[in-house]
Amino acid sequence: MATYRVGPLLARRTPFTTHGALSAVPYARSETGRLPIDWAACYREDSPRIVLTVLSYATPIAWVRDDGLAVIPNVFYSFTSLRHQRLCHEWLNTEE
């Protein structure tokens, strides 16, 4: 699936995979990739409530809790991940 088609899936909070580095799974993964320590702790704390994790490569760049709150850490990894984060901001109804 092309990256430009994932927006509506993010809006519906539906898991997906692409042929690239972006994907979303319907649970909290145990791995935190390149998340900084403080954000990794937040992710682990939220993990029982996470219903969708958006990954750029192997790093959770956004997650949605069962109360509807979307969390998108303000962390720069790469320009590719930045593009993925912008998709999350746009389609998960959050403010940058």
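Residues numbered from 1 in each chain as written. Predicted model: local features only at pLDDT ≥ 70, side-chain atom pairs only at ≥ 80, totals over all residues. Heavy atoms only, no water.

(A) Representation of the nonpolar core. Judged by nonpolar contacts, the single largest core of 24 residues is most densely connected at Leu10, Phe16, Leu22, Val54, Cys88 and Leu92. Within the residue set of this core, elements represented by two or more residues are helix H1 (7-12), strand E2 (22-25), helix H2 (37-46), strand E3 (50-56), strand E4 (59-65), strand E5 (70-71) and helix H3 (79-91). (Core = buried A, V, L, I, M, F, W, Y, C linked by side-chain atoms within 4.5 Å. Buried < 20%, exposed > 50% of the residue type's maximum accessible area, 1.4 Å probe, protein only. Helix = DSSP H or I, 4+ residues; strand = E, 2+ residues; numbered from the N terminus.)

(B) Up close: the side chain of Ser56. Here Ser56 lies in strand E3. Judged by relative accessible area, which is 2%, Ser56 ranks as buried. Within the local environment of Ser56, its side chain forms a polar contact with the side chain of His84, the two groups lying 2.7 Å apart. Setting aside residues no more than four positions away along its own chain, Ser56 makes contact with Ala21, Ile61, Ser81 and His84. (Polar contact = N/O pair within 3.5 Å; in protein donor to acceptor, adjacent residues only side chain to side chain. Contact = heavy atoms within 4.5 Å.)

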